[in-house]
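What the coordinates show
As a plain string of letters, each chain reads:
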Amino acid sequence: MPFIPHTETDIREMLAVIGAPNTDALFSEIPAELRCKGLKQVPPGLAEMDVSRLMRARAATDGTLINFCGAGAYEHHIPAAVWEITTRGEFYSAYTPYQAEASQGTLQLLYEYQTMMCALTGMEVSNASMYDGASALAESLLMAVRANAVNASGKVLLPQALHPYYREVVQAVTHAQGLRMTPVPYDVHSGTTAVEAYSQFYGIAPTAVVIAQPNFFGRLEDVDAITDWAHAQGALVVALVNPVSLALLKPPGEWGAKGADICVGDGQPLGAPLSSGGPYFGFLTAKQALVRQMPGRIIGRTVDLDGRPGYALTLQAREQHIRRSKATSNICTNQGLLVTAATIHMSLLGADGLERVAAHSMHNTAALITALTAIKGVEAVFSGSGFHEAVLRLPKAVAPVLEALAAQNILGGFDLSRHFPELGHALLVCATETRSADDIAAYAAALRAALA
Amino acid sequence: MSLAPDPIKRALNGGAPAAAEPLIFEVSRPGRRAVAQSPLATVAVALPAALKRKTPAALPQVSELQAVRHFTRLSQLNFSIDTHFYPLGSCTMKYNPRACNTLAMLPQFLGRHPLAPESHSQGFLACMYELQEILKDVTGMAGVSLTPMAGAQGEFAGVAMIRAYHQARKDEARTEILVPDAAHGTNPATATMLGMKVREIPTDAQGDVDVEALKAVVGPQTAGIMLTNPSTLGVFERNIKLIAQIVHEAGGLLYYDGANLNAILGEVRPGDMGFDVIHMNLHKTFSTPHGGGGPGAGAVGVSERLRPFMPIPVVGKAGDAYKWLDERDLPQSIGRLSTFMGNAGVLLRAYIYARLLGREGMHRVAEFATLNANYLQTRLRERGFDLAFPTRRASHEFIVTLKRQKQAIDLTATDIAKRLLDYGFHAPTVYFPLLVPECLLIEPTETEDKETLDSFVEALCAIWEEAKQDIAFVKGAPYTMPVRRLDDVRAARQLNLRYQPG
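Report on the accompanying structure.

On to unusual backbone geometry. In this structure, the amide linkage connecting Phe432(B) to the following residue, Pro433(B), adopts the cis form with an omega of -5°. Of note, the bond from Ala477(B) into Pro478(B) is cis; its omega dihedral lies within 30 degrees of zero at 5°. Topologically, Pro478(B) is positioned in the loop between helix H16 (471–475) and helix H17 (488–493). If you check the backbone angles, Phe3(A) has positive phi at about 70° while not being a glycine. Residue placement: Phe3(A) occurs in the segment before helix H1 (8–18). Residue Leu315(A) is not a glycine yet carries a positive backbone phi of 55°. Of note, Leu315(A) is situated in the loop between strand S10 (309–313) and helix H10 (320–323). Assessed through the 20 C-beta atoms surrounding it within 10 Å, Leu315(A) is described here as buried.

Quick look at the interface of chain A and chain B now. Where the parts come together, the accessible area they lose is often given as the size of the interface. Between chain A and chain B, the contact holds 160 residues from the first and 170 residues from the second. The dominant element in the side of chain A that touches chain B, judged by the number of residues it contributes, is helix H11 (residues 336–373) of chain A, at 19 residues.

The next subject is the packing of helix H12 (residues 344–382) of chain B against helix H15 (residues 450–469) of chain B. Residue and element names in this part refer to chain B. Direction vectors running N to C along H12 and H15 enclose 30°, while the axes themselves pass 10 Å from each other. By the criterion of interaxial angle, the relationship of H12 to H15 is roughly parallel. Crossing handedness for the pair H12 and H15: right-handed. Residue-level contacts link Asn-372, Tyr-375, Leu-376, Arg-379 and Leu-380 of H12 to Leu-453, Val-457 and Leu-460 of H15.

Moving on to the nonpolar core. In this structure, Leu141(A), Val238(A) and Ile262(A) are the most contacted members of the largest nonpolar core, which totals 323 residues. The element best represented in this core is H12(B), accounting for 21 residues.

As a further point, take the sheet that holds strand S1 (residues 143–145) of chain B. Residues and elements named next belong to chain B. Ordered in space as S1-S7-S6-S5-S4-S2-S3, the 7 strands form an open sheet in which the pairing is mixed. Of all the strands in the sheet, the pair left with one neighbour each is S1 and strand S3 (197–201). The average undirected angle you get between the axes of adjacent strands in this sheet is 20°. Where strand S2 (residues 176–180) lies against S3, 5 bridges are found, and the strand directions are parallel. Looking at S3, one finds that Glu-176 is bridged to Lys-197. Sheet strands touched by helix H7 (residues 151–168): S2, strand S4 (222–227), strand S5 (253–258), strand S6 (277–280) and strand S7 (300–302). Its angle to S6, the strand with the most contacts, is close to 165°.

Criteria and thresholds
- Residues numbered from 1 in each chain as written.
- Chains lettered and ligands numbered in written order.
- Predicted model: local features only at pLDDT ≥ 70, side-chain atom pairs only at ≥ 80, totals over all residues.
- Helix = DSSP H or I, 4+ residues; strand = E, 2+ residues; numbered from the N terminus.
- Buried ≥ 20, exposed ≤ 12 C-beta atoms within 10 Å, placed from the backbone.
- Contact = placed C-beta atoms within 7 Å.
- Axes fitted to C-alpha atoms, helices over the stretch in contact; angles between N-to-C directions.
- Parallel < 35°, antiparallel > 145°, perpendicular 65-115°, else oblique.
- Left-handed = near helix turned anticlockwise from the far one by under 90°.
- Core = buried A, V, L, I, M, F, W, Y, C linked by C-beta atoms within 7 Å.
- Pairing = 2+ DSSP bridges.

Here you go:
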């Protein structure tokens, strides 16, 4: 019996103590007609060796593509130590740290994580993480509604140059609470969202204004001007950022005269493998004044009975297990294991290492664009500054080209034509520090062949 | 496992707790770094001055060994399933098989981009499709979506589907969700997030939902009811068919909170009980790791009438090929709850676990979880502890109440919880459910052996004995952990949420 330690003797002795003739009698309170007559779809159990064979075969079926796709999930080098330590049983199989004295490892690590995320984003407080970037954005808007006493309209200015799936998640999570999203258009030449695009909504008294830096197309926005405009309207500024980019870019806490109010994003680039889209983690940092409106777990430093420092969950009065229907959110977990990985990852890279990763990713993407736009009919869609993603226009439909590239073992990027039809045959590409010059040459050759 | 008396002795002798580990920022030195972990060459990149970072982020500056040693030492300050018995009620802290981790971390699975083409995803998609089918079978539901990233998000998806169902039928007056007073706090919090009004239903003296009270409150405003079965009181809701009938006849739907699915896996199916929608905590019943508080996975199952509303994406099959189904296939979907398809790596672990257990293994989970709980319950009753529901069978968990000990010698649930740590046991869930005073909610799970359960009984008895002799001593526990009881009030009043040097 897999994972069940009971011997026949154990079962006999335990039933005798209980006074039950057999284990079936333990279910005597369940109406007989409800008892399951046997499962049909579940296959018979397998030994570990057999499951290993099956999973290795399935993994081999999918193979490994040379990856030039970002669009919310970025391939970076992850130090070997990160997951070796993260998957230690003491982290891997621990519960949420309710019993603080028996969870100081996880709690101290989360406090270190909160410190690192504040440092990276230039904000004053951080929670212990959210599910992913998109859900963190959605929760940040609900937080803004709770926090903004001036503009309580529930109207949110949301840039169109935003990951389309983020927009969908925001809609699914927030609509029942009366939030209304107003899309802010981007400029089709620069791919950026000018402050004028925001200021056309002068007078609507938005509760929150979202600024994505870099935006979904990898372009860099004039964050100072937009932040100052939004604050002048009485809105809270929600910054949506890529954490690796912050090694190079001005942190949201320094945007404009007063800084962004809330900063969110997906923490995946900090040590989480691509892994088919998850598990990743979302981060959420904010100004100190908003701390009581934050969703999710928060760790605080305190002292024990002997006056020694220790760490504990704090501000739990915001949470569902205390406040029930009046809680700030129904969230009761974070993505603890991913945050463990991210904290180790940031410690191993440091600010200098993260800056090298960011710079190499920018550099490689620029090299990729140069190589691909040398192909006849391929052009860069936007001009101006960008981070490590860019949009290309192809001379023909993107989907069959991506199929042809996949046949050459290349994941060529994300086809934008469905979500952004106004851009034509547009393709979002990315080359992180993990792409070599040979990889880029291989992509160029395969694309040339596919377009020939 | 033998019970050494040394926790007490060490404490009385002023014994040494584990050494504290400094913050990583305190061992950081300017100019130090783990050189091998980033590109060796530097490249110059051009950015507009106004957009550039002016001062480097204050991240740690440590060597690779310093980081490895620091985080390894931190791990050693934790209790975990791999190191300790964790009888944490309602949390199902069973063994997380190592194979599930090893195989989910095969390089191709880790390297697969979420937007990879279906042509290069058939292996992964096959696992997800089969997991959907397995979960449909064990829950008796017509459809499954795997995308919710935690139990609370599964609840959100479930209530959102109930709401969408009524709205699609133009039955828009249904804005009330019924929740038993024993329910998890997430239930009412979730209903509120979806703009629903929450109404609590009382529990009767035997731990069942008060059916008369339920009859009195259902009506045209009822959107649905959220139930856990077995309930958080550790007993099976015997009137479930009647409850289903009352709610359905009133036009409401039934939501099954899968927190306690481990108790009935393969024995009773929520679909057969009349539930319309359920969420499963795969990090409980399907043994994916809790990871110190996540990631979880909160897959949802639905009856036929809720299938059109499932969160996307879902994995479908056309001929021999697996494919993603999105809003083009499910135009009435409640939408997307995660950027991609939820916690895929967690789902792979759940799939591997399900294949290891197989058909016979599923019902053995419930069988032995129930055997362990009833054995532990009986042993504790024999030793003089009071059960909250002494006439009831335990499900996979049960409740001990310390009301009598509190009155007699001021021994509280917190005291027992903290002192158990010195004995090498994680505490049970305490003070939940809120209905039972000074309660310990105890869930041993099926993966624990009899000897461990026996030594847990001895530890509880020993602590009770200690308390009779010297309650102040017990109230000072724990003594052998890295820290003693922490000042939670100070943590909340003098907020210190990040390290600030100087």
